[in-house]
Amino acid sequence: MKIVETNYGIANCIGNKYIEINRDLKKYPELYKEVLAHEKEHLESKGIFDFKIEFKNMLNFKKQFQLLMFSFKHPKSFRQMSPIYLTKKGWAIDSFLTSFYSIMLIGMLGVLIW
């Protein structure tokens, strides 16, 4: 497995080929290890199971808090919240965030219409 360090985002599994991870995470060894383990899970999964990995990750409140604090210290990591982003190899779409934001939008529209 290839790991490519970046100065933006937090981490992404690009296809089933490699992982991009923010080099600043190395300043936080425990968080780096957790984030890398999460991305490795994506490399090993197929299809819909990626959503299961993301939901499990969302419920790890300690890690989410640490990532939020990391993002405030390293503002370029907020790019991770975008469902469409540019990687070193080209454009990528985060299927989980795209689905998540779509569901939120539909829900908000439903509330406004109702």
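Sequence order sets the numbering: in each chain, residues are counted from 1 along the sequence as written. Local features are withheld for residues below a pLDDT of 70 in this predicted model, meaning they are given only at 70 or higher, and side-chain atom pairs are given and counted only at 80 or more; totals for whole chains, interfaces and linings count all residues. To get the side-chain values, all heavy atoms of the structure are used, and hydrogens and water are removed first.

Enquirer: Tell me about the confidence of the model for the chain, residues and numbers included.
Expert: Here the chain averages 85 in pLDDT, while 96% of its residues score no lower than 70. By definition, pLDDT measures how confident the predictor is in each residue, and it falls between 0 and 100. By definition, any uninterrupted DSSP run of H or I lasting at least four residues is a helix, any uninterrupted run of E lasting at least two residues is a strand, and each is numbered from the N terminus. Confidence, expressed as mean pLDDT per element, reaches its minimum in the chain at helix H2 (residues 49-58) with 76 and its maximum at helix H3 (residues 61-73) with 92.

Enquirer: An account of empty space enclosed by the protein is requested, with residue identities and associated values reported.
Expert: We place a 1 Å grid over just the protein atoms. Points where a 1.4 Å probe fits but has no way out form a cavity, open points with protein on both sides within 12 Å along at least 5 of 7 lines form a pocket, and any residue with an atom within 4 Å of a point lines it. Grid points are joined across faces, edges and corners, and a volume is the space filled by probe spheres set on the points. Tallied over the full model, the rule gives 1 cavity of 30 Å³ or more. Taken as a whole, the largest cavity spans an internal volume of roughly 40 Å³. Lining the largest cavity we find Tyr8, Gly9, Asn12, Arg79, Gln80 and Tyr85.

Enquirer: Break down the sheet that holds strand S1 (residues 2-6) for me, citing the residues and quoting the values.
Expert: Think of it this way: DSSP has to see at least two bridges between two strands before they count as a pair. If you walk across this open sheet you meet the 3 strands as S1-S3-S2, and the pairing is mixed. For this open sheet the edge positions go to S1 and strand S2 (11-14), each flanked by a neighbour on one side alone. Averaged over all neighbouring strand pairs, the angle between strand axes comes to 20°, with direction disregarded. Across 4 bridges, the pairing between S2 and strand S3 (residues 18-22) is antiparallel. Within S3, the residue paired with Cys13 across the bridge is Ile19. In this description, a line fitted to the C-alpha atoms serves as the axis of each element, helices being fitted only across the stretch in contact, and the angle between N-to-C directions of two axes falls anywhere from 0 to 180 degrees.

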